[in-house]
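Close look at the chain arrangement
Single-letter residue listing:
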Amino acid sequence: MNDDDKYVAKELSWLSFNERVLQEASSRDVPVIQQVRYLGIFSNNMDEFFRVRVADVRRLAAFSTGEDKDAARLLLKQIQSRVRELQQKFDEVYRGCLIALRRRNIYLINERQLRADQSAFVERYFRDNVLPELSPLFLKGATQLPELNDASIYFAIRMALTNGKVQYALLEIPTDRIDRFVYIPPKGSRRKKAIIVLDNIIRHCLKEVFRGVLDIEDAQAYTIKITRDAELEMDEKITQSLIDKVDGSLARRKKADPVRFVYDSEMPEDLLEILAKRFNLGKYDSFIAGGRYHNSKDFMKFPNLGPDYLEFDPMEPARLPYLDKPGSSIFGKIRERDILLYYPYHSFRYIEDFLHTAALDPSVTSISMTLYRVASNSHVVNALINAARNQKQVTVVIELQARFDESANIRWSRVLGDAGVQVIFGIPGLKVHSKLILINRQEDGYERQYAHIGTGNFNESTARLYTDFSLLTADREIGKEVANVFDFIRHTYRRFRYRHLMVSPNTNRSGLMALIDTEIANAKAGRKSGIFIKCNNLVDKPIVDKLYQASQAGVKIRLIVRGMFAMKAGVKGLSENIRAISIVDRYLEHPRVFVFENAGDPKVFISSADLMTRNLDFRVEVTCPVYDPAAKQLILDVLELQWRDRAKARLLDEEQTNKLVPRGNRRKLRSQEHLHDLINTWSDTFGMEGVDDLQAD
């Protein structure tokens, strides 16, 4: 088979994932306000796709040679075709959402639909709040354009003057300082709620922007958006600190080449031609004609002006009585047995309490932790600062090159450093993506280690939206190996042998390959075999090929993959023993879990690593075995329940058609809802006799 028969281009598979997000925006069992917010998620995803994925392909098309260049050019065409198709679907779903909102007396109106009283309100709002924030720029002759912010949207304005001339201008819409959605207070009936977007407020008052400067007969504004290459170009000056290098690279990112130019399809040709020349857009850039509005990512914050049922019902996290018992020490509980948490079904507050307790406990001598992305107002960081103030030795590894969080991480590194925390910036050429905490505590005359290994970031905000596992353990062997990971980060020349953990870039790939080989050998020998993997992305070709080999040996393989999926599942002779699904629902599925049947004695691992080349070879990632019987069983029950999802699970077939998994005569099971019941039951009985026998209902 050639590569086209064996693999799906990861960029095209990513667009297939974003189509699944769009499907949720039109799903009848999703509340209408949440449907609108899914449109925002789709748009935000698309921005990042162009800034990262398309930018990579564009560089290949521009700088590679021979077959690689031809392949990159073809892929760019395929991407552009698929993006146009998805944009058309987006527009259809958007119109459907407007109709659904109107049925609930919520009206998203434009400047042409304003009544007299609404017009007066909009004009007052413009004068008081908007006009002072506007700074238009005239397009004259060969005037150099400023570097436009790719997080913003702009109006390209064409003005017909009373003297017969035409004037052009650019105007940034200040959505970073003024809410995009403005509620118009009702006059009369309060049943009907009207919202107008900031864009249309400016359109309604457009001539006022230039009053006293130009005599305008007619003015029209057309929305444009630029998306830039997000790759950081690091300055190699030896004398520069890493912070300075990242700072400088972020400044250069603002001037990076555009990779996408989105414009209003109604824009006149003369204005479009001027902009294309001024932005120096080339043949490898994506010109996308769209509708009247861009930056639909703002829909993620779309307000609910109606009753609560127009959004998802809040679901309270399960309490864990084993940890909640008054007077009990969390360290004592972890010594008794490993503790597994599953967010957002459990509260992230348990991890915050773990750190706060460590910061105050006089027996704790040191805390080491990795930070990749943290909340804007981080309780985690506050706990670390408090620990340093309480004379603990605190070491934090901050990944400065966490994409799109670089500025925040620079700020946090300075805050922590000023508080006396030892800050390490990781390893040149390797991002530190592992989710580790190591606490050293003096107990009975010797030092004991308490470790955290997780699948998600230490971010209390995303922990309410992302599903992730956290393992707290006092296992001496695992604690020692976590300490070795921190030692490796400090001293990259050191090499360690790991008996329990698998650690990128050294042993994750070889360890996973060996585990798959064991399943192949078991299948050939007639022993029980099987592989069950849950991850965000599966695109690494050697791993894909090894799974193909396992399938051909008779190993039954089940995959739950949220995002990119380069494999062709269910193909006779290649992957007929592989089935794959994806689940998109109210929570973002984020855990990485690997399960191997192991001849009837399953091995279960949680990991920070996706099955991507960058995660296995160019990052510091940790994969950890789960030994506690109750924790292990919970993970198996969660996976089995999700595999039986018949509401939100979509097939990842050979063509990635995103069809719902056929329900047959089974009841409609929505796994994320049922998981609340499972986690509540498990949590209530955790630590009691018989918990290890709990099975998913």
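Our subject is the structure that appears above.
Residues numbered from 1 in each chain as written. Predicted model: local features only at pLDDT ≥ 70, side-chain atom pairs only at ≥ 80, totals over all residues. Heavy atoms only, no water.

Re the overall build of the protein chain
- Each helix and strand in the protein chain was counted, giving 20 helices and 26 strands.
- Against the globule reference of 26 Å for 697 residues, the protein chain gives a C-alpha radius of gyration of 27 Å, in line with a compact fold.
- In terms of overall dimensions, the protein chain has a C-alpha envelope of 90 × 60 × 60 Å along the principal axes.
- For the protein chain, with 697 residues in total, the buried portion stands at 58%.
- Considering only residue pairs separated by 6 or more positions, the protein chain has 74% of its internal contacts joining residues 24 or more positions apart.
- When the accessible surface of the protein chain is summed, it comes to about 30,600 Å², and 46% of that surface belongs to carbon and sulfur atoms. (Helix = DSSP H or I, 4+ residues; strand = E, 2+ residues; numbered from the N terminus. Rg over C-alpha atoms; globule rule 2.2 N^0.38 Å. Buried < 20%, exposed > 50% of the residue type's maximum accessible area, 1.4 Å probe, protein only. Contact = heavy atoms within 4.5 Å. Areas by Shrake-Rupley, 256 points an atom, 1.4 Å probe, with all protein chains shown as cover.)

As for the pattern of salt bridges
- All chains considered together, the criterion is met by 37 salt bridges.
- Here Lys 6 and Asp 545 are joined by a salt bridge, their closest N and O atoms 3.5 Å apart. Of this pair, Lys 6 sits in helix H1 (residues 3-6) while Asp 545 sits in helix H17 (residues 541-552), placing them 539 residues apart in sequence.
- We classify Asp 545 as partly exposed; its relative accessible area is 27%.
- Between Glu 443 and Arg 335 there is a salt bridge, with its nearest N and O atoms 3.1 Å apart. Of this pair, Glu 443 sits in strand E15 (residues 436-443) while Arg 335 sits in helix H11 (residues 330-336); the two residues are 108 residues apart in sequence, bridging distant segments of the chain.
- Look at the salt bridges and you will find they share partners, linking Glu 24, Asp 29, Asp 585, Lys 648, Arg 650, Lys 668, Arg 670 and Glu 673 into a network. (Salt bridge = Lys/Arg side-chain N within 4 Å of Asp/Glu carboxyl O.)

Regarding the environment of Asp 361
- Tracing the backbone shows Asp 361 in the loop between helix H12 (349-360) and strand E11 (364-371).
- Overall, Asp 361 belongs to the buried group, its relative accessible area being 11%.
- Once the C-alpha coordinates of Asp 361 and Tyr 222 are considered, the two residues, 139 residues apart in sequence, prove to be 60 Å apart.
- When sequence neighbours within four positions are dropped, the list of residues in contact with Asp 361 reads Phe 331, Lys 392 and Arg 441.

Section: helix H14 (residues 406-418)
- Here H14 is 13 residues long and its end C-alpha atoms lie 18 Å apart, about the 18 Å a rise of 1.5 Å per residue gives.
- Turning to H14, its buried residues are Glu 406, Asn 409, Ile 410, Trp 412, Ser 413 and Leu 416. Down the axis, H14 shows its buried residues gathered within 165 degrees of arc, on one side only.
- Where H14 terminates, the next one or two residues include Gly 420, which has phi positive at roughly 95 degrees. (Expected span 1.5 Å × (residues − 1). Arc of directions from axis to C-beta.)

A short note on the side chain of Asp 468
- Looking at the secondary structure, you find Asp 468 in strand E17 (residues 466-473).
- Despite its burial, Asp 468 pairs with no opposite charge; the closest candidate is Arg 592, at 5.0 Å N-O.
- Reaching out from Asp 468, the side chain makes a polar contact with the backbone nitrogen of Gly 456 at a distance of 3.3 Å.
- Ignoring any residue separated from it by four or fewer positions in sequence, one finds Asp 468 in contact with Leu 341, Tyr 342, Tyr 343, Thr 455, Gly 456, His 590 and Pro 591. (Lys, Arg positive; Asp, Glu negative; His and termini not counted. Polar contact = N/O pair within 3.5 Å; in protein donor to acceptor, adjacent residues only side chain to side chain.)

Here's the deal with a negative patch on the surface
- Side chains of Asp 4, Asp 5, Glu 654 and Glu 655 sit close together on the surface and give a patch of like negative charge.
- Along the chain, Asp 4 falls in helix H1. (Patch = residues over 30% accessible without salt bridge, like charges linked within 9 Å, V, L, I, M, F, W, Y side chains within 5 Å. Charge placed at Lys NZ, Arg CZ, Asp CG, Glu CD.)

Concerning the sheet that holds strand E6 (residues 193-197)
- Sheet architecture is open: three strands sit in the order E1-E6-E5, paired in mixed fashion. Each edge of the open sheet carries a strand with a single partner, namely strand E1 (106-109) and strand E5 (181-184). Going from strand to strand, the sheet's axes swing by 30 degrees on average, the running direction of each strand aside.
- In this sheet, E6 lies alongside E1 in parallel orientation, the contact comprising four bridges. Considered in E6, the bridge of Ile 106 is made with Lys 193. (Pairing = 2+ DSSP bridges. Axes fitted to C-alpha atoms, helices over the stretch in contact; angles between N-to-C directions.)

Some words on the packing of aromatic side chains
- Across all of its chains, the model carries 21 aromatic pairs by this definition.
- Between Phe 181 and Phe 302, the ring centres sit 5.1 Å apart and the planes meet at 80 degrees, which makes this aromatic pair edge-to-face. Taken as a pair, Phe 181 in strand E5 and Phe 302 in the loop between strand E9 (286-290) and helix H10 (321-324) lie far apart in primary sequence, 121 residues in all. We note that Phe 181, like Phe 302, is buried.
- Its guanidinium or amino end placed over the ring of Phe 686, Arg 337 lies 4.5 Å from that ring's centre, counting from NZ or CZ.
- Taking NZ or CZ as reference, Arg 411 lies 4.5 Å from the ring centre of Trp 412, over its face. (Phe/Tyr/Trp six-rings, centres within 6.5 Å; stacked < 30°, edge-to-face > 60°. Lys NZ or Arg CZ within 6 Å of the ring centre and 35° of its normal.)

Observations regarding the packing of helix H19 (residues 629-643) against helix H20 (residues 671-685)
- The interhelical angle for the contact between H19 and H20, taken along N-to-C directions, is 160 degrees, at an axis separation of 10 Å. On the basis of their axis angle, the class for H19 and H20 is roughly antiparallel. Taken as a pair, H19 and H20 cross one another with a handedness that is right-handed. Taking contact as the criterion, the partners of Ala 630, Ala 631, Leu 634, Asp 637, Val 638, Leu 641 and Gln 642 in H19 are, on H20, Ser 671, His 674, Leu 675, Leu 678, Ile 679 and Trp 682.
- Looking at side-chain class alone, the contact of H19 with H20 contains nine nonpolar, three polar and one charged residues. (Parallel < 35°, antiparallel > 145°, perpendicular 65-115°, else oblique. Left-handed = near helix turned anticlockwise from the far one by under 90°. Nonpolar A, V, L, I, M, F, W, Y, C, P; charged D, E, K, R; others polar.)

A look at the packing of helix H2 (residues 10-25) against helix H3 (residues 32-63)
- One can describe the packing of H2 onto H3 by two numbers: an axis separation of 8 Å at closest approach and a directional angle of 170 degrees. If you check the angle between H2 and H3, you find them roughly antiparallel. Contact with H2, carried on its side by Lys 10, Glu 11, Trp 14, Leu 15, Phe 17, Asn 18, Val 21, Leu 22, Glu 24 and Ala 25, involves Gln 35, Tyr 38, Leu 39, Ile 41, Phe 42, Asn 45, Met 46, Phe 49, Arg 53 and Val 57 of H3 and no other residues of that element.
- When the residues that make up the contact of H2 with H3 are grouped by side-chain class, the tally is 13 nonpolar, three polar and four charged.

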